[in-house]
Amino acid sequence: MKPVSVLFIVFTLALLGFSTYQALVVAPTEQTMGEVQRIFYYHAPTAWVAGLCFFANFLASVAYLLRRNSNADALAAASAEVGVVFCTIVLITGPIWARPVWGIWWTWDARLTTTLVLWLIYVGYLILRRFATGSQTQTLAAVVAIFGFVDVPIVYMSIRWFRTQHPSPVIGGGENSGLDPAMWHAFLWNLLAFTCVGIIFVTARYRLQKLEDQVEAEHARLALERSMR
Amino acid sequence: MTGLVALKAAYTVTWIIPLLYLRYLLTRYRRVRHEMKDLKRSS
């Protein structure tokens, strides 16, 4: 591992410790919901990282279709997988927050439903990559990714377009929205920390994908050699 | 479920899932490295 990678991992771990302290200790307790509101400091940043990963997947898929570049394909695979991991956290922490606040685990409102659909789209994408055979798999995956990404802005806008049970946006949500400055600090530290975790995961998964591609190419080369003997 | 229990549960989930994913990546990485070594040896 390169020294710069080790430094980045150490920095991220320190940042995670600090941001956790900010979320659980420093940030003031919300008056209406109480302690459970602190879930927001994990729920929203993980949703942000999932969105970023799916955006990276979209860009990489477009790049792959334009240039047929294996690096772009590897990035698409890596970012989709990490995006699904973070989206899973969002879909679990959301209902854990909802149970004490709403009295129910789940409701089919626009934000929740579109997020579940998003998760299903990218799980489908990963299944396609894993099990499809043939030379067109990467192209097919790229096309699915581009269509699948359409759901990301729908998820983001769902609480603005529709009346939902999900809380209204606290960031960029209009005049009466916003956070207490101490809450803002905790939120931004967590956003930064989880973004760094996302970058580490995507980088690690990207390197793994490149290694797997090398192994596959080596298998093909050996098979060709054997058939020529 | 009280607020504090929910907070602890959400916090645990937020860390367990990435840790499991990290373990999965490391296992897969070791397997691929091993496979690469075997392939180089056989060629």
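## A short note on unusual backbone geometry
All names here are of chain A. If you check the backbone angles, Arg 68 has positive phi at about 55° while not being a glycine. The topology assignment puts Arg 68 in the loop between α2 (40-67) and α3 (70-102). Taking the C-beta count within 10 Å as the criterion, Arg 68 has 12 such neighbours and is therefore assigned exposed.

## Things to note about the interface of chain B and chain A
Listed by partner, the interface residues are 22 residues for chain B and 29 residues for chain A. Residues of the side of chain B that touches chain A, tallied by class, amount to 16 nonpolar, 4 polar and 2 charged.

## What about the packing of helix α1 (residues 3-26) of chain A against helix α7 (residues 181-228) of chain A?
Residues and elements named next belong to chain A. Relative orientation of the contacting elements α1 and α7 amounts to 150°, with a least axis distance of 8 Å. In terms of orientation, α1 and α7 fall into the roughly antiparallel class. Of the two possible hands of crossing, α1 and α7 adopt the one that is left-handed. When α1 is examined against α7, the residues Phe 8, Ile 9, Thr 12, Leu 15, Leu 16, Phe 18, Ser 19, Gln 22, Ala 23 and Val 26 are found in contact with a partner set consisting of Ala 182, His 185, Ala 186, Trp 189, Asn 190, Leu 192, Ala 193, Cys 196, Val 197 and Ile 200. The residue inventory of the contact of α1 with α7, partitioned by class, reads 15 nonpolar, 5 polar and no charged.

## Comments concerning α2(A)
Here α2(A) is 28 residues long and its end C-alpha atoms lie 40 Å apart, about the 40 Å a rise of 1.5 Å per residue gives. Residue A:Arg68 follows α2(A) closely and has a positive phi angle near 55°.

## As for the nonpolar core
Ranked by size, the top nonpolar core spans 59 residues in total, and within it A:Ile39, A:Ala50, A:Cys53, A:Leu75, A:Ala76, A:Phe86 and A:Tyr122 carry the most contacts. Residue assignment for this core shows that the elements contributing at least two residues are α2, α3, α4 (110-131), α5 (137-148), α6 (151-161) and α7 of chain A together with α1 (3-42) of chain B. A per-element tally of this core places α3(A) first, with 17 residues. Not counting the four nearest positions on each side in its chain, A:Leu75 is found in contact with A:Ala56, A:Ala60 and A:Tyr206.

## Describing the environment of A:Arg130
Residue and element names in this part refer to chain A. Structurally, Arg 130 can be placed in helix α4. Judged by the 9 C-beta atoms lying within 10 Å of it, Arg 130 falls in the exposed class. The sequence separation of Arg 130 and Ala 145 amounts to 15 residues, and the corresponding C-alpha distance is 14 Å.

## Observations concerning the environment of A:Pro28
Residue and element names in this part refer to chain A. Structurally, Pro 28 can be placed in the loop between α1 and α2. Distance in space between the C-alpha atoms of Pro 28 and Ala 182 is 6.9 Å, their sequence separation being 154 residues. Excluding residues that lie within four positions of it along the chain, Pro 28 makes contacts with Asp 180, Ala 182 and Met 183.

The rules behind these values
Residues numbered from 1 in each chain as written. Chains lettered and ligands numbered in written order. Predicted model: local features only at pLDDT ≥ 70, side-chain atom pairs only at ≥ 80, totals over all residues. Helix = DSSP H or I, 4+ residues; strand = E, 2+ residues; numbered from the N terminus. Buried ≥ 20, exposed ≤ 12 C-beta atoms within 10 Å, placed from the backbone. Contact = placed C-beta atoms within 7 Å. Nonpolar A, V, L, I, M, F, W, Y, C, P; charged D, E, K, R; others polar. Axes fitted to C-alpha atoms, helices over the stretch in contact; angles between N-to-C directions. Parallel < 35°, antiparallel > 145°, perpendicular 65-115°, else oblique. Left-handed = near helix turned anticlockwise from the far one by under 90°. Expected span 1.5 Å × (residues − 1). Core = buried A, V, L, I, M, F, W, Y, C linked by C-beta atoms within 7 Å.

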